[in-house]
Amino acid sequence: VNPAERASIALREAELLAENVGDIDSAIVRYERIVAELDPTCRLALQAIADLQEARDNQGAAAEALEKELKLVSDPSDRGQIASRLARLYEQLDDPKSAVRALEVVCKADPDDFDSLARLCDLCEKTEQWDRVAELLAQRIEVEADEAEMSTLTLRLSDVLAAKLNRGDEGLAALTELADQGDG
């Protein structure tokens, strides 16, 4: 039996263990063996490990499997989906730096994902990455259609520039630009 067939059989065995027998531990061991011994690029096994581990509240092990899968994927859309899930897991694990890293992948895959952009901005603020916060606020101001939200974001940007980055002139310029838009 060739390695691809062996991996396929092992995947089916692991699936049966998890779904029909309910032996999650043995299923995870089988999926991990597929990745370790038969096919290190088997995304199905990595996804199954992540799903099973997350279902039993083992976010760390789920994140580990998704990190391995992320390294195998080049399509930006797929990377964005995996990284979005990873970011959520890292937030649950209270690991904001890893969540930031994952959300950067999401935002790179879809620059118009407003929710991820906002989450990334908040996490960068939480981890005191003020240069990045200023960049992200400016980016959010550019894409935000709502005037009230634009005002709020501009005030935050001005505050970060002045209070956190010692760039008061730029903060004042942002406020002046906002005021000029209001006059137009």
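This text goes with the structure placed above it.
The structure presented is a predicted model; accordingly, all values stated were derived computationally and were not measured.

Thresholds applied
Residues numbered from 1 in each chain as written. Predicted model: local features only at pLDDT ≥ 70, side-chain atom pairs only at ≥ 80, totals over all residues. Heavy atoms only, no water. Salt bridge = Lys/Arg side-chain N within 4 Å of Asp/Glu carboxyl O. Helix = DSSP H or I, 4+ residues; strand = E, 2+ residues; numbered from the N terminus. Axes fitted to C-alpha atoms, helices over the stretch in contact; angles between N-to-C directions. Parallel < 35°, antiparallel > 145°, perpendicular 65-115°, else oblique. Left-handed = near helix turned anticlockwise from the far one by under 90°. Contact = heavy atoms within 4.5 Å.

J.: Describe the pattern of salt bridges, and please don't skip the residues or the numbers.
T.: Pairing of side chains with opposite charge becomes possible as their charged atoms draw close. Evaluation of the coordinates by the stated rule reveals 18 salt bridges. In this structure, Asp-51 and Arg-85 form a salt bridge, with 2.8 Å as the shortest nitrogen-oxygen distance. Pair noted here: Asp-51 is in helix H3 (residues 43-55) and Arg-85 is in helix H5 (residues 76-92), with a separation of 34 residues, a long-range link. A salt bridge links Arg-85 to Glu-54; its shortest N-O distance comes to 2.9 Å. One end of the pair, Arg-85, is in helix H5; the other, Glu-54, is in helix H3, with 31 residues separating them in the sequence. The structure contains a network of salt bridges with shared partners spanning Asp-51, Glu-54, Arg-85 and Arg-88.

J.: Could you give an account of the packing of helix H8 (residues 130-143) against helix H9 (residues 147-164), with specific residues and numbers?
T.: Where H8 meets H9, the closest approach of the two axes is 9 Å, and the angle between their N-to-C directions is 155 degrees. For the element pair H8 / H9, the angle class is roughly antiparallel. Once H8 is placed against H9, the crossing between them reads as left-handed. Contacts from Trp-130, Val-133, Ala-134, Leu-137, Ala-138, Arg-140 and Ile-141 in H8 reach Glu-149, Met-150, Leu-153, Thr-154, Arg-156, Leu-157, Val-160, Leu-161 and Lys-164 in H9.

Interpretation note: all reported values are geometric properties and have no functional meaning in isolation.
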